[in-house]
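A closer look at the structure
Listed below are the residues making up each chain.
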Amino acid sequence: MARETKIKKSIDESLQMLLTTARYNNVSDPKYGFVFNNMRFEIFDEHEGVIYNSGDTIYESGLQDLYSKKISGSSKNMNTFAAELKEAVQQYEKRLSDVSVTMTYIREERLIYITIKGTVISTKEEYVFTNTIRVWK
């Protein structure tokens, strides 16, 4: 591990790790990660913007309501993966306040664009993090 001295870069790296870690894969903190990654082998419905349940594995983890969540949306709507990500960011990235998240699926590109906005508490500067997730078939 390396220590990052620039706060924006440090928060960027922290959010990147949070985004790419599936929930329940970290032994020291099973709730760490973004639950969307737990569904990478499920069936993706491009027309409805949801994920279908293709087995019982997610139900065993207590995540049964995830199949009703929309992929595109903002964290203002509770029935989206953006709201799930906002909760994770608020729990694990304490250096940010006023967090909001948007996720936008672009069918032609087969990409989900993620934007996380907030305010860096120590400097009061506006913060924006962007990333993409490639959609599986």
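Going by the structure above, here's the rest.
Given the structure is predicted, the values throughout are model-derived calculations rather than measurements.

1. Here's the deal with the side chain of Asn131
Position of Asn131 relative to the elements: it lies in strand β6 (residues 126-134). The class for Asn131 is buried, based on a relative accessible area of 17%. At a separation of 2.5 Å, a polar atom in the side chain of Asn131 contacts the side chain of Gln16. Aside from chain neighbours lying at most four places away, what touches Asn131 is Gln16, Leu19, Ile112, Tyr113 and Ile114.

2. So, the nonpolar core
Counting residues in hydrophobic clusters, the biggest one holds 28 residues, and the most contacted among them are Leu15, Ile112 and Ile116. For this core, the elements supplying multiple residues, two or more each, are α1 (7-20), α3 (81-92), β4 (96-106), β5 (111-120) and β6. Ignoring any residue separated from it by four or fewer positions in sequence, one finds Leu15 in contact with Val89, Glu93, Leu96, Ile116, Tyr127 and Phe129.

3. As for the pattern of salt bridges
Summed over all chains, the structure comprises four salt bridges. With its nearest N and O atoms 3.2 Å apart, the salt bridge here joins Asp12 to Lys8. With a gap of four residues between them, Asp12 and Lys8 both fall in helix α1, about one helical turn apart. Overall, the relative accessible area of 41% leaves Lys8 in the partly exposed class. Across the salt bridge formed by Lys69 and Glu84, the nearest N and O atoms sit 3.6 Å from each other. Of this pair, Lys69 sits in the loop between α2 (57-60) and β3 (73-74) while Glu84 sits in helix α3, placing them 15 residues apart in sequence.

4. So, the side chain of Thr21
Mapped onto the elements, Thr21 comes out in the loop between α1 and β1 (43-45). For Thr21, a relative accessible area of 18% translates into the label buried. Here Thr21 is in contact with Tyr32, Gly33, Phe34 and Asn37, once residues within four sequence places are set aside.

5. So, the packing of aromatic side chains
Any pair of aromatic rings gets described here by the distance separating the centres and the angle formed by the planes. Inspection of the entire model under this criterion finds one aromatic pair. Centre to centre, the rings of Tyr32 and Tyr92 are 4.9 Å apart; their planes meet at 80°, and the pair counts as edge-to-face. Remark: Tyr92 occurs in helix α3 and Tyr32 occurs in the loop between α1 and β1; sequence separation between them is 60 residues. Residue classification places Tyr32 among the buried residues on the basis of a relative accessible area of 10%.

6. Observations regarding the pairing of β5
In terms of burial, β5 is a largely internal element, seven of the ten residues being buried. Once β4 ends, the chain turns through four residues before running back antiparallel as β5, passing Arg110 with a positive phi of about 55°. As paired elements, β5 and β6 share nine bridges and run antiparallel to each other. Bridging from a neighbouring strand, Leu111 pairs with Arg134 of β6. Between the end of β5 and the start of β6, which pair antiparallel, lie five residues, with Lys124 showing a positive phi angle near 65°.

What counts and how
Numbering of residues begins from 1 in every chain and follows the order in which that chain's sequence is written. In keeping with the model being predicted, local features are shown solely for residues with a pLDDT of at least 70 and side-chain atom pairs are shown and tallied solely at 80 or more, while totals for entire chains, interfaces and linings include all residues. Water and hydrogen atoms play no part in the side-chain values, which are based on all heavy atoms of the structure. A run of DSSP states H or I qualifies as a helix once it reaches four residues; a run of E qualifies as a strand once it reaches two. Both are numbered from the N-terminal end. The cut-offs for exposure are 20% and 50% of the maximum accessible area for each residue type, with area from a 1.4 Å probe on protein chains only; residues under the lower value are buried, those over the upper are exposed, and the others partly exposed. As used in this structure description, the phrase polar contact means that two N or O atoms lie within 3.5 Å; if the pair is within protein, one of them must be able to donate a hydrogen and the other to accept it, and residues adjacent in sequence are counted only when both atoms belong to side chains. Contacts are residue-level and defined by heavy atoms, with any inter-residue pair within 4.5 Å sufficient. Only buried Ala, Val, Leu, Ile, Met, Phe, Trp, Tyr and Cys residues count toward a nonpolar core, and they belong to the same one when joined by side-chain atoms within 4.5 Å. Throughout this description, the term salt bridge denotes a Lys or Arg side-chain nitrogen within 4 Å of a carboxyl oxygen of Asp or Glu. Side-chain rings of Phe, Tyr and Trp, where Trp is taken by its six-membered ring, are said to pair if the distance between their centres is within 6.5 Å; with planes under 30 degrees apart they count as stacked, over 60 as edge-to-face, and otherwise as tilted. Strands are treated as partners if at least two bridges between them are detected by DSSP.

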